[in-house]
Each structure stands twice: as C-alpha cells, then as structure tokens.
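# Notes for the structure review
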Amino acid sequence: MFNHIMIGSNDIERSKRFYDAVLATLGAGEPVRNEAGTGHVRLFYRHNGSTFCITEPINDETATFANGGTIGFKCNSPEQVREFHDVAIAHGGVSIEDPPGLRNGSLGPMHLAYVRDPDGNKLCAIYRVKQ
C-alpha cells in the first residue's frame, strides 16, 4: 500500500547519523543523498521495496512531528525490536511508553518498542508473533 514515508528534520546531518544506525538494524544501507533544485537536502533510505525519506522542509519552516502520528518499522524477531530500540537510544532517541517487550491485546501478541527520534517523530519497532 505504501511507497514511501517522508519526515522533516531541522538538522539533516544529525538525522542521518541517527537513521544510519537505527535503520541498519533492519538491514537498510546508506541513503541516497539528493539536493532539490531549491538547495534543500533529502535522504532516501531504500529497503525491501520501501523508501523512508528525511528532508529539510522545502518551505523553510521549522520541521515538526505529527502529533498522534507513529511510523512503524517491521522487525523479524523480538531481538531485532530490542536492538532497534537500544540503537535508537544510543544515537539520541528517547524511549517512550512502556519498555520494549511483548504485549498481548486485541490484535494478538506482538513485541513492541517506541522511541522518539531527535526531531520528535514517534517510531515503533514491531514484531508480530506468528500463531
């Protein structure tokens, strides 16, 4: 359903350091760096047919996070959920909500971890337990 997700950043190099480390836990490599005709820098991380993008806002306004928004990253194991979380914290992210781990709810058992990136975007690492 999704082709890409793009978020804004107020410090593209800080975001690159953060996402290089965090997305490497999922197997993503170096991003494609693009400079728009306006001079704004964008980073495109491509992995498994999807693209995650970071951009300097092209309207020159301050980048802000989506209140109520969450970007979920699919993990292959509970261990990868924990690694995603721990690497995010080690690179300037902030752990939020409950500690990483198994949750049992109406959508079935899943391992979750929630963090905010250095610009305040809410990220979720998720592994759905196969039943």
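Residues numbered from 1 in each chain as written. Predicted model: local features only at pLDDT ≥ 70, side-chain atom pairs only at ≥ 80, totals over all residues. Heavy atoms only, no water.

Within an unreviewed UniProt entry, the label attached to the protein chain reads VOC family protein, and the organism entered is Steroidobacter flavus.

The next thing to look at is the sheet that holds strand S1 (residues 4-8). Strand pairing in a sheet is mediated by backbone hydrogen bonds. Such pairs are either parallel or antiparallel. On the basis of which strands lie adjacent, the open sheet formed by 4 strands has the order S1-S4-S3-S2 and mixed pairing. Because the sheet does not close on itself, it has two edges, and the strands there are S1 and strand S2 (32-35). The mean inter-strand angle of the sheet, taken between neighbouring strand axes irrespective of direction, is 20 degrees. Across 4 bridges, the pairing between S2 and strand S3 (residues 41-47) is antiparallel. Within S3, the position partnered with Glu 35 by the bridge is Val 41. (Pairing = 2+ DSSP bridges. Helix = DSSP H or I, 4+ residues; strand = E, 2+ residues; numbered from the N terminus. Axes fitted to C-alpha atoms, helices over the stretch in contact; angles between N-to-C directions.)

We now examine the nonpolar core. Core analysis: the biggest nonpolar cluster contains 26 residues, and Tyr 19, Leu 23, Phe 52, Ile 54, Phe 73, Phe 84 and Leu 123 have the highest contact counts within it. Top element by residues in this core is helix H1 (residues 12-24). It accounts for 6 residues. One finds Ile 96, Met 110, Tyr 114 and Ile 126 within the second-largest nonpolar core, a separate group that totals 6 residues. (Core = buried A, V, L, I, M, F, W, Y, C linked by side-chain atoms within 4.5 Å. Buried < 20%, exposed > 50% of the residue type's maximum accessible area, 1.4 Å probe, protein only.)

Annotation from UniProt places "domain: VOC" (unreviewed entry) at residues 1-128. Regarding residues 1-128, the helix share stands at 20% and the strand share at 39%, and the terminal C-alpha atoms are separated by 19 Å. (UniProt positions renumbered as here; feature names shortened; annotations may be inferred.)

Scanning the model with the defined rule gives 7 salt bridges in all. With a shortest N-O distance of 2.5 Å, Asp 20 and Lys 16 are connected by a salt bridge. Of this pair, Asp 20 and Lys 16 both sit in helix H1, 4 residues apart, which is roughly one turn of that helix. Between Asp 98 and Arg 103 there is a salt bridge whose closest N-O contact spans 4.0 Å. Given a relative accessible area of 18%, Arg 103 falls into the buried group. Bridged by salt links that share partners, the residues Lys 16, Asp 20 and Glu 30 form one connected network. (Salt bridge = Lys/Arg side-chain N within 4 Å of Asp/Glu carboxyl O.)

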